[in-house]
Amino acid sequence: MTPPPNRVPLTTILSFLALFTTTTSTLTSQKSQHPLTSSNPNSITIPKPDLKWRNTPGLPFIINTWGGTFTSATDSAFLYLISPPPPDSNPRLDAINAIVVGCSTCERLQCDGTVGYGGSPDDNCETTLDALLMDGDTLDSGAVANLRRVRDAIAVAKRVLLYTRHSLLTGDQATGFARENGFAEEDLGTGESRGVCEEWRREGCKKGSYRRNVFVGEGKGEEWGGGCGPFVPVPEKDLGADGGLGESNKRLGEERGGHDTISMIAIGKNGRMAAGSSTNGASHKIPGRVGDGPIVGSGAYVDGEVGGCGATGDGDIMMRFLPCYQAVESLRRGMTPTEAAEDAVRRMVRKYPTVQSGIVVVDKDGNHGAAASGWTFTYAYRGGQMSETVVITVPPVEGVIPVSADL
């Protein structure tokens with residue numbers, strides 16, 4: 001007779017099940033955590049996704065950073081997409097042309113003084129322009145940076161996109177390219193912009209300066225109040241334990257204010273996508289500075305298989321993170337537009353807690369979302385059968401010190 005099998009005690013079975021359940025839930029929790037929150041006990045967990053995130057009004061669709069006067073750009077770009085195409089246009093370029101129409105509107109209107117001529121003079125009192133265009137199908141791009149004496153920055157960027165194999169032209173050489181393509185040269189300053197700059201210099205060039213780790217030498221600085229140079233670098237050996245880097249570095253003067261850019265994404269009736277941006281950069285910048293606006297993946301980015309992104313804010317910080325490229329790739333991995341925007345912002349905040357930023361993200365179907373840090377951000381959109389543009393207000397993510405913004 002075969003002996004009966006040994007029975008496993010009930011307590012052993014229950015203990016095994018408890019261990020299995022605990023291990024499974026722990027693994028599930030770890031897999032659901034974002035890499036930035038799973039290993040950093042001081043990080044902020046990304047909120048649960050909004051179940052109502054599918055908010056597309058239909059196609060065609062236009063979305064851009066900021067409300068206020070920037071909605072004129074939204075409307076003009078949207079009307080271009082719903083109107084019969086001009087006889088000299090190419091239907092393949094409908095989304096690209098909508099971006100050009102929209103950004104050109106802001107350039108003409110000098111939206112908030114931060115787009116187009118007559119705004120944000122550098123510390124030599126000159127206004128220069130940056131602009132970017134990107135095609136969502138091919139990922140071809142064209143951009144200009146530190147463009148001098150030519151008003152139509154986004155139109156010049158279109159010429160770079162269509163008539164060169166380059167992605168970015170800068171400075172006087174970009175101006176020469178514009179002149180070759182029929183654009184007129186003219187002074188981009190106005191009486192108002194020059195007056196603002198001269199007042200800044202009389203006050204010592206300190207408020208909003210981009211210099212750091214320097215002493216003010218003798219000479220011109222005395223005439224203008226002691227802060228306008230010439231500048232003498234602090235010796236490297238005296239830069240301290242942090243090497244003069246990071247937010248603890250020695251700045252010349254007061255904290256800087258925010259910077260505004262129109263960044264726009266367009267989706268045509270046929271679903272074809274494009275993105276672009278236009279800006280006159282940061283006030284009192286050092287001559288020659290290039291910000292995030294004309295940088296692919298930073299000021300804007302689009303992949304027609306997934307979606308697009310536009311950004312505004314402190315470009316010198318933001319371009320270190322390529323937030324728009326990051327956001328679009330997050331869409332590709334399954335995040336919603338709002339989740340993708342918040343993820344991109346929190347990556348910056350983790351290193352720079354007071355950074356001013358605004359990110360707007362849209363998927364290929366027109367579902368949209370945004371995130372901000374350091375200020376209250378707004379964005380505008382219009383699509384489908386909408387009769388007017390809608391502006392959405394986006395508060396800064398938690399844990400960031402906000403500043404006022406009037407847009």
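What counts, and where the lines are drawn
Residues numbered from 1 in each chain as written. Predicted model: local features only at pLDDT ≥ 70, side-chain atom pairs only at ≥ 80, totals over all residues. Heavy atoms only, no water. Helix = DSSP H or I, 4+ residues; strand = E, 2+ residues; numbered from the N terminus. Buried < 20%, exposed > 50% of the residue type's maximum accessible area, 1.4 Å probe, protein only. Contact = heavy atoms within 4.5 Å. Areas by Shrake-Rupley, 256 points an atom, 1.4 Å probe, with all protein chains shown as cover. Salt bridge = Lys/Arg side-chain N within 4 Å of Asp/Glu carboxyl O. Disulfide = S-S within 2.5 Å. Pairing = 2+ DSSP bridges. Axes fitted to C-alpha atoms, helices over the stretch in contact; angles between N-to-C directions. Right-handed = clockwise from strand over helix to strand, strands pointing away.

## What about the overall build of the chain?
Line of reasoning, step 1. Summing up its helical and strand segments, the chain has 11 helices and 14 strands in all.
Line of reasoning, step 2. The 407 residues of the chain split such that 50% are buried.
Line of reasoning, step 3. Counting only contacts in the chain whose residues sit at least 6 apart along the sequence, the fraction spanning at least 24 positions is 65%.
Line of reasoning, step 4. Accessible surface, the chain: about 19700 Å² in total, of which carbon and sulfur atoms supply 53%.

## Remarks on the pattern of salt bridges
When their charged atoms lie close together, side chains carrying opposite charge are able to pair.
Line of reasoning, step 1. Taken as a whole, this structure holds 19 salt bridges when the rule is applied.
Line of reasoning, step 2. Note that aspartate 135 is salt-bridged to arginine 92, the shortest N-O span being 2.9 Å. Here aspartate 135, found in strand β2 (residues 129-135), pairs with arginine 92, found in the loop between α3 (71-82) and α4 (94-109); they are 43 residues apart in sequence, far enough to count as distant.
Line of reasoning, step 3. For arginine 211, the salt bridge identified is with aspartate 123, shortest N-O distance 3.2 Å. With arginine 211 in the loop between α7 (191-202) and β5 (214-216) and aspartate 123 in the loop between α4 and β2, the pair connects residues that are 88 residues apart, well separated along the chain.
Line of reasoning, step 4. Look at arginine 211 and you get partly exposed, because its relative accessible area is 22%.

## What to know about the state of the cysteines
Line of reasoning, step 1. One pass over the full model with this rule turns up 4 disulfides.
Line of reasoning, step 2. Cysteine 106 shares a disulfide with cysteine 111; S-S distance 2.1 Å. Residues cysteine 106 and cysteine 111 are joined through a disulfide that is left-handed, its torsion about the S-S bond being -95°. Residues cysteine 106 and cysteine 111 agree in their burial class; the two are buried.
Line of reasoning, step 3. Put simply, cysteine 309 and cysteine 324 are joined by a disulfide, and their sulfur atoms are 2.2 Å apart. Here the disulfide of cysteine 309 and cysteine 324 is left-handed, its torsion about the S-S bond being about -65°. Residue cysteine 309 is located in strand β10 (residues 307-313), and its partner cysteine 324 is located in helix α10 (residues 323-332); the two are separated by 15 residues in the primary sequence.
Line of reasoning, step 4. Looking at the chain, its bonded cysteines, counted consecutively from the start of the sequence, adopt the pairing 1-2, 3-4, 5-6, 7-8.

## Some details on helix α5 (residues 153-163)
Line of reasoning, step 1. Looking at α5, one finds that the buried residues are Ala153, Ile154, Ala155, Val156, Ala157, Val160 and Leu161.
Line of reasoning, step 2. Each element contacted by the buried residues of α5 is listed here: α4, β2, β3 (141-147), β4 (168-170), α6 (171-180) and β8 (273-279).

## Re the sheet that holds β2
Line of reasoning, step 1. Pairing in this open sheet of 8 strands is mixed, and the strands run β4-β3-β2-β8-β7-β1-β13-β14 from one edge to the other. One side of each edge strand has no neighbouring strand; the edge strands of this open sheet are β4 and β14 (390-394). Taking each pair of neighbouring strands and ignoring which way they run, the sheet shows an average axis angle of 15°.
Line of reasoning, step 2. The sheet contact formed by strand β13 (residues 377-383) and β14 spans 5 bridges and is antiparallel. By the bridge assignment for β14, phenylalanine 377 is matched with valine 394.
Line of reasoning, step 3. Sitting on the sheet, α3 is in contact with β1 (61-65), β7 (262-267), β13 and β14, with an inclination near 20° to β13.
Line of reasoning, step 4. Contacting β2, β3, β4 and β8, α5 runs over the sheet at an angle of about 135° to β3.

## Quick word on the sheet that holds strand β11 (residues 357-363)
Line of reasoning, step 1. The 4 strands are arranged β9-β10-β11-β12 in an open sheet whose pairing can be described as antiparallel. Of all the strands in the sheet, just β9 (300-303) and β12 (368-373) have a single pairing partner and so form its edges. Between one strand axis and the next, the sheet turns through 10° on average, direction left out of account.
Line of reasoning, step 2. Two strands pair when backbone bridges link them, and β9 and β10 are joined in this way by 4 bridges, in the antiparallel orientation. Note on β10: the bridge partner recorded for alanine 300 is glycine 310.
Line of reasoning, step 3. Taken strand by strand, α10 contacts β9, β10 and β11, and its axis lies near 150° from that of β10.
Line of reasoning, step 4. Across the sheet, helix α11 (residues 337-351) lies against β11 and β12, angled at about 20° from β12, the strand it touches most.

## Looking at the pairing of β3
Line of reasoning, step 1. Within β3, 7 of the 7 residues are buried, which leaves it mostly tucked inside the rest of the structure.
Line of reasoning, step 2. As paired strands, β2 and β3 are joined by 5 bridges and run antiparallel to one another. Residue alanine 131 lies in a different strand from β3, and its bridge partner there is valine 144.
Line of reasoning, step 3. Linking two consecutive strands that pair antiparallel, namely β2 and β3, is a turn of 5 residues; a positive phi of about 65° is found at leucine 139 within it.
Line of reasoning, step 4. Strand direction decides the pairing type here: β3 and β4, joined by 3 bridges, are parallel. When the bridges of β4 are listed, valine 144 appears paired with leucine 169.
Line of reasoning, step 5. Handedness of the crossover is the feature at issue here: the chain leaves β3, passes through α5, returns alongside β4, and the resulting connection is left-handed.

Note that every value here comes from positions in space, so none of it alone points to a role or purpose.
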